[in-house]
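Single-letter residue listing:
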Amino acid sequence: MIEILSPTEVRRARDTGALVAEILQTLRGRATVGTNLLDIDRWAQRMIADAGAESCYVDYAPSFGRGPFGHYICTSVNDAVLHGLPHDYALADGDLLTLDLAVSLGGVVADSALSFVVGSAVRAEDVALIDATERALATAIAAVGPGVRLGDVSHAIGTVLTGAGYPVNTEFGGHGVGTTMHQDPHVPNTGRPGRGYTLRPGLLLALEPWVMADTDELVTDPDGWTLRSASGCRTAHSEHTVAITDDGAEVLTRPR
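A. Spatial organisation of the pairing of strand E2 (residues 74–77). Of the two faces of E2, the one holding Cys74 and Ser76 and the one holding Thr75 and Val77 are both buried throughout. Examined bridge by bridge, E2 and strand E4 (residues 96–105) share four bridges and lie antiparallel to one another. The residue bridging Ser76 from the neighbouring strand is Thr98, located in E4.

B. Molecular detail of the layout of surface pockets. Roughly 340 Å³ of internal volume is contained in the largest pocket. If you go around the largest pocket, you meet 23 residues; those closest to its centre are Phe64, His83, His175, His182 and Glu208. Looking at the lining of the largest pocket, the elements with two or more residues in it are strand E6 (174–177) and strand E7 (183–187). Here the lining of the largest pocket gets four residues from one element, more than from any other, and that element is E7. Looking at side-chain class alone, the lining of the largest pocket contains 11 nonpolar, seven polar and five charged residues.

C. Structural view of the pattern of salt bridges. As enumerated under the stated definition, the model contains eight salt bridges in all. The residue Arg42 makes a salt bridge to Asp39 at a minimum N-O spacing of 2.5 Å. One end of the pair, Arg42, and the other, Asp39, are both in helix H2 (residues 37–50), three residues apart, so they sit about a helical turn from each other. Assessed through its relative accessible area of 42%, Arg42 is described here as partly exposed. We classify Asp39 as partly exposed; its relative accessible area is 26%. Here Asp126 and Arg234 are joined by a salt bridge, their closest N and O atoms 2.6 Å apart. Placement of the pair is Asp126 in helix H3 (residues 124–143) and Arg234 in the loop between strand E11 (227–229) and strand E12 (235–237), with a sequence separation of 108 residues. Under the relative-accessibility criterion, Asp126 is labelled buried at 1%.

So, how was this worked out
Residues numbered from 1 in each chain as written. Predicted model: local features only at pLDDT ≥ 70, side-chain atom pairs only at ≥ 80, totals over all residues. Heavy atoms only, no water. Buried < 20%, exposed > 50% of the residue type's maximum accessible area, 1.4 Å probe, protein only. Helix = DSSP H or I, 4+ residues; strand = E, 2+ residues; numbered from the N terminus. Pairing = 2+ DSSP bridges. 1 Å grid on protein atoms, 1.4 Å probe; cavity = no way out; pocket = protein on both sides within 12 Å on 5 of 7 lines; lining within 4 Å. Points joined across faces, edges and corners; volume = space filled by probe spheres on them. Nonpolar A, V, L, I, M, F, W, Y, C, P; charged D, E, K, R; others polar. Salt bridge = Lys/Arg side-chain N within 4 Å of Asp/Glu carboxyl O.

Structure, rendered in structure tokens:
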């Protein structure tokens, strides 16, 4: 089902999006060399609770994971790209870390992710990988609006990613959000323009370009959740929740 939110629910979504953005920026600042992924998870748990919000992850048990997830944030490192299960690992200089967070506040969900290099050992190829996902996300946001076909949005993402030389996996992508975290419509990271669902005001979409440097094939960790590049190459992931408005789109999870 595709959920169209009321104006009141969209206003609540702004608060949720602001909270998600604030938590992610705080965690990004705290994630330094030597930081344990389990500490990041505990910090996320505390900030969600302090805000009177609810985690969308801790009890999440979809068909594609070995649920429930049992943690409050996804922490994907280096060749891990999606659904990274927090575990006892201390970040090293040069690690490429993705933080992905979804919470519910006031009955409405927002979802966002960011990738960055920890420490000072920054590699040019990692910067390029992250930049491609951020540019694809910005292009998708610019393409969104009432009356736009979903295929136009997917095509915008895919054009940037493939133009940067990266293969695109379509098993996982963006999705609708609303009163729950994962909803229709699915938003693949490549597509055909002029096809698919016509966007309407009140629809919330989590747009999330993600790439692996040299493969489009995923493998699943023994933990049943963490998805990695089959080749062991580095990965990146950028995501924002946007609300379709009468005259375009509003990014709800952009840092203020």
